[in-house]
Amino acid sequence: MRQVALVTGSTRGIGLAAAQALAQAGFAVAINGPVEDEELHAAIGHMQALGAPVMAAAFDVSDVSAHAASLAVIEDRLGPLTTLVNNAGVGVLQRGDLLDVSEASWDRCVGINARALFFLSQAFARRLLARQRDADLFHSIVNVTSSNAMAVAVQRSEYCASKAAAAMVSKALAVRLGPENIAVYDVQPGLIATDMTAPVIEMYRQRARDGLTLFPRVGTPDDMGAIIAALASGRLPYTTGQVISADAGMLVPRF
């Protein structure tokens with residue numbers, strides 16, 4: 001049997017890079033976007049060109065009522081899921097003073113970045129625990145949070161809060177699922193060149209060159225994809241509950 005992964009928010013950026021890396025590692029992969037649109041079709045076409053077993057899984061992760069049925073459809077098509085990569089995430093509606101943060105921006109960040117991650121992980125774990133699993137296959141949840149789970153970006157405080165919540169969910173899942181031989185990891189990307197960071201990435205490229213990061217460059221989605229695939233493939237054996245600070249050493253304390 002092969003490993004089967006659902007990667008949320010995988011039509012572009014880190015999610016698509018993770019899906020590609022998993023496919024190259026031999027996984028069958030469900031590509032997720034909130035709706036069936038041209039972006040989702042393009043991602044599927046890209047993955048099919050790699051020769052990977054792949055399917056479109058169009059559902060809105062924030063709709064908790066859709067989780068169980070969506071997972072069932074994936075398993076009917078690709079086989080029993082072994083891996084969930086919670087990558088789907090959103091930024092703030094507007095950067096600015098935390099005293100001006102709107103309820104809409106708060107609810108959007110928390111709803112997708114933390115609430116959806118929690119309940120999709122719950123639905124995934126329930127499916128795994130309800131059946132016999134192949135002991136030769138590695139089973140895991142890989143959550144993509146952010147270095148802002150640890151470090152404050154005051155102009156994006158609601159985003160930071162949502163990612164900190166997701167980081168704690170990762171720890172709680174690791175404690176609950178460890179006895180079931182299901183590993184849980186929290187990948188915390190730092191400065192990564194994606195569509196979300198495009199408006200400010202040149203400023204961060206310069207800050208990286210000036211020493212904000214220990215490696216003087218920003219990261220790429222492919223960097224993150226390689227990390228996620230390594231974790232999901234069990235290439236860090238005898239580990240769970242780890243935070244992977246994928247930030248080029250940005251948060252290493254220095255004097």
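Residues numbered from 1 in each chain as written. Predicted model: local features only at pLDDT ≥ 70, side-chain atom pairs only at ≥ 80, totals over all residues. Heavy atoms only, no water.

(A) Focus on the overall build of the protein chain. Per the secondary structure count, the protein chain includes seven helices and seven strands. Ordered by position in the sequence, the α and β elements of the protein chain form the string β-α-β-α-β-α-β-α-β-α-β-α-α-β. With the C-alpha coordinates aligned to their principal axes, the bounding extent of the protein chain is approximately 50 × 40 × 35 Å. When the 255 residues of the protein chain are sorted by exposure, 49% land in the buried category. Put simply, of all contacts in the protein chain between residues at least 6 apart along the chain, 73% involve residues at least 24 apart. (Helix = DSSP H or I, 4+ residues; strand = E, 2+ residues; numbered from the N terminus. Buried < 20%, exposed > 50% of the residue type's maximum accessible area, 1.4 Å probe, protein only. Contact = heavy atoms within 4.5 Å.)

(B) Local environment of the pairing of strand β4 (residues 83-86). Of the two faces of β4, both are covered, the one formed by T83 and V85 as well as the one formed by L84 and N86. Looking at chain direction, strand β1 (residues 4-7) and β4 are connected through three bridges and run parallel. Within the sheet, the bridge partner assigned to V7 lies in β4 and is V85. A crossover connection joins β4 to the parallel strand β5 (residues 139-144) through helix α4 (residues 103-129); in handedness this β-α-β unit is right-handed. (Pairing = 2+ DSSP bridges. Right-handed = clockwise from strand over helix to strand, strands pointing away.)

(C) Here's a closer look at the sheet that holds strand β2 (residues 28-33). Taken together, the seven strands give an open sheet; going across it, the order is β3-β2-β1-β4-β5-β6-β7, and neighbouring strands pair in parallel fashion. Among the strands making up the open sheet, the edge pair consists of β3 (54-58) and β7 (243-246). The mean angle between the axes of side-by-side strands here comes to 20°, regardless of whether they run parallel or antiparallel. Pairing between β1 and β2: four bridges, direction parallel. Residue pairing in the sheet places A5 in a bridge with V29 of β2. Against the sheet, helix α3 (residues 67-78) contacts β1, β2 and β3, and its axis sits at roughly 165° relative to β3. (Axes fitted to C-alpha atoms, helices over the stretch in contact; angles between N-to-C directions.)

(D) Molecular detail of the environment of G111. By the element assignment, G111 lies in helix α4. Residue classification places G111 among the buried residues on the basis of a relative accessible area of 18%. Spatially, the C-alpha atoms of G111 and A52 are 31 Å apart, while their sequence positions differ by 59 residues.

(E) Up close: the pairing of β3. Of the strand pairs in this sheet, β2 and β3 are connected by five bridges, and their pairing is parallel. Note on β3: the bridge partner recorded for A30 is M55. With respect to chirality, the unit in which β2 leads through helix α2 (residues 38-49) into the neighbouring parallel β3 is right-handed.

(F) Here's a closer look at the packing of aromatic side chains. Tallying each qualifying case throughout the model produces one aromatic pair. Geometrically, the ring pair formed by F118 and F119 is edge-to-face, given 4.9 Å between the ring centres and 75° between the ring planes. The partly exposed category is assigned to F118, whose relative accessible area is 36%. (Phe/Tyr/Trp six-rings, centres within 6.5 Å; stacked < 30°, edge-to-face > 60°.)

(G) Layout of the side chain of Q188. With respect to the secondary-structure elements, Q188 resides in strand β6 (residues 182-189). A polar contact of 2.9 Å, which involves the side chain of Q188, links it to the side chain of D186. Ignoring sequence-local partners within four residues, the contact set of Q188 consists of T145, S146, S147, A149, M150, A167, V243, I244, S245, A246 and D247. (Polar contact = N/O pair within 3.5 Å; in protein donor to acceptor, adjacent residues only side chain to side chain.)

(H) Quick look at helix α1 (residues 13-24). Over its 12 residues, α1 extends 17 Å from the first C-alpha to the last, a length consistent with the 16 Å expected when each residue adds 1.5 Å. Along α1, nine of the 12 residues are buried, which leaves the element largely enclosed by surrounding structure. Looking at the buried side of α1, the elements it contacts are β1, β2, α2, β4, β6 and α7 (221-232). Where α1 ends, the next residue or the one after it, G26, has phi of about 100°, a positive value. (Expected span 1.5 Å × (residues − 1).)

(I) Fine view of the packing of α1 against α7. Two elements in contact, α1 and α7, have axes separated by 7 Å at closest approach and are oriented at 50°. The pairing of α1 with α7 is recorded here as oblique in orientation. Considering how the two elements wind past one another, α1 and α7 form a crossing that is right-handed. Contacts between α1 and α7 pair G13, I14, A17, A18, A21 and L22 from the former with P221, D222, M224, G225, A226, I228, A229 and A232 from the latter. Its residues assigned to classes, the contact of α1 with α7 comprises 11 nonpolar, two polar and one charged. (Parallel < 35°, antiparallel > 145°, perpendicular 65-115°, else oblique. Left-handed = near helix turned anticlockwise from the far one by under 90°. Nonpolar A, V, L, I, M, F, W, Y, C, P; charged D, E, K, R; others polar.)

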